Amino acid sequence: MTLKHIKTIVTDMDGTALTSTKELHPITLEAFAEWQAQGGNLIMATGRLDLGARLYASQLNIKLPVISCNGALIRDWETGKVLYKNAVPMSTMEQTVAIAKAHDVPYHIYTTERLLSPELYGTMTRYVKMNEQAKTEDEKTPYTITPDILGALHEDEAMLKMLVIIEDNELLNKVRAEFLKLDVETVISGPNLLDVMVGNSTKGAAVEWLAEHGYLELETTLTCGDNENDISMLQSTPQSLAMCNAKDVVKEAATFISEVDSNEGGVGRFVKQHLLG
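Before going into details, it helps to say that this report is about the structure given with it. (Residues numbered from 1 in each chain as written. Predicted model: local features only at pLDDT ≥ 70, side-chain atom pairs only at ≥ 80, totals over all residues. Heavy atoms only, no water.)

1. Points about helix 4 (residues 124-133)
Part 1: Among all positions of helix 4, only Met124, Tyr127, Val128, Met130 and Asn131 are buried. Viewed end-on, helix 4 has its buried residues packed into an arc of 160 degrees, placing them on one side of the element. Projecting away from the buried face of helix 4 at angles above 90 degrees are the exposed residues Lys129, Glu132 and Gln133.
Part 2: Elements that come into contact with the buried residues of helix 4 comprise helix 2 (54-59), strand 6 (107-111), strand 7 (115-117) and strand 8 (143-145). (Buried < 20%, exposed > 50% of the residue type's maximum accessible area, 1.4 Å probe, protein only. Helix = DSSP H or I, 4+ residues; strand = E, 2+ residues; numbered from the N terminus. Arc of directions from axis to C-beta. Contact = heavy atoms within 4.5 Å.)

Structure (C-alpha cells):
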C-alpha cells in the first residue's frame, strides 16, 4: 500500500480523532502535528457546530476551512467568514421542534452563531464542562439555554441542524420516521444521536465543495470517519479510512480499515504508518 501521493487529510472528530472521553489521543495529536510539519493539509469535518470544537481546532493548529454540522456549514477558520451554509427554514424547524416536544425528547439547535437548547440537558452538559476547562475565551462554545429557542434567534442567525438525543432505539426509529415525512434528511452521528438537516447537508457534499473551490483535490485527499454521517465523505474520495469499530455499512464505504479504534489512536497510527515519511 502506498499513500505518499496524499496531500490532505479530512478527519471526523468524535469516534475518529477523539477518544470515548472526548480527547485527542496523544498518538493522533502527534501524528497530525508531524503531518502538518511536513507540509500536509489537515481539515476537520464534524457533526458538531464548529464553534463547539474550538478547543480541538486549537490543539490541532487548524488553519484550513472547517466542515461542521455534517456539511451544513463551512467556515474559514482563520477569518471566521462563512463560506457555505445550508440553512433550515423556520417553518421546517418549527415542525421538527413540535415532533421533539411531542415525544418529550431532548433536542438542541445548531446555528451559525451558537448552540441553543430549551434546557440544560443532553450534550449541552458536556459543553458547559468544556467551557469551564477552557484556557481562553476563544476556546469556549457559545450557547444559550432558553425555553423559547426559535424566539431567541437573531435576525441573520441561520439554523443548520437539530440534534435529538434518544436512548431507546425503538423510539428513535419512530421519531426518525416522523421527521422523514418532512422536507429533511436525518443521519445517525453517534450513539443515541439523531441529526436533522435539510437536503444535501452531508460531509461528502462539503468535501466536494472544497474541491470545487480549490481547497483540496479529491484524488490526493484521505477522508477518515466512523459513523453513518461519515459515509458520504468516505465515498467522496478515492482513498478513505474507516475505524475498525465502525458499523459494517461504514466500513464498506471505505478503502481502508484502521487496525485499532480511536481509544488507541487508530487514525494517528494509520497516518504514521502509511503517510509520514
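After that view of the structure, there is still more to cover.
2. Topic: the sheet that holds strand 5 (residues 82-85)
Part 1: Here 3 strands make up an open sheet; going across it, the order is 3-4-5 and the pairing antiparallel. Only two strands of the sheet have a single partner each, and these edge strands are strand 3 (66-68) and strand 5. The average angle at which neighbouring strand axes cross in this sheet is 15 degrees, direction not considered. (Pairing = 2+ DSSP bridges. Axes fitted to C-alpha atoms, helices over the stretch in contact; angles between N-to-C directions.)

3. A few points about the pairing of strand 2 (residues 41-44)
Within a regular strand, the side chains alternate between the two sheet faces.
Part 1: Bridge count between strand 1 (residues 8-11) and strand 2: 4 bridges; the pairing is parallel. The residue of strand 2 that forms the bridge with Thr11 is Met44.
Part 2: As a crossover connection, the stretch from strand 1 through helix 1 (residues 26-37) into strand 2 is right-handed. (Right-handed = clockwise from strand over helix to strand, strands pointing away.)

4. Some remarks on the packing of aromatic side chains
Part 1: Taken as a whole and judged by the stated rule, the model has 3 aromatic pairs.
Part 2: Where Tyr84 meets Trp209, the ring centres are 6.1 Å apart and the plane angle is 45 degrees; that geometry is what we call tilted. Within this pair, whereas Tyr84 is found in strand 5, its partner Trp209 is found in helix 6 (residues 203-212), the two being separated by 125 residues in sequence.
Part 3: We classify Trp209 as buried; its relative accessible area is 16%.
Part 4: Judged by centre distance (5.6 Å) and plane angle (45 degrees), the rings of Phe256 and Phe270 are tilted. With Phe256 in strand 14 (residues 256-257) and Phe270 in helix 9 (residues 266-274), this pair connects stretches of sequence that are 14 residues apart.
Part 5: Ring pairing ties together the aromatic residues Tyr84, Trp209 and Tyr215, which thus form one cluster.
Part 6: A cation sits over an aromatic face here: Arg126 above Tyr127, 5.4 Å from the ring centre.
Part 7: The ring of Tyr110 has Lys161 lying over it, and the distance from NZ or CZ to the ring centre is 4.5 Å. (Phe/Tyr/Trp six-rings, centres within 6.5 Å; stacked < 30°, edge-to-face > 60°. Lys NZ or Arg CZ within 6 Å of the ring centre and 35° of its normal.)

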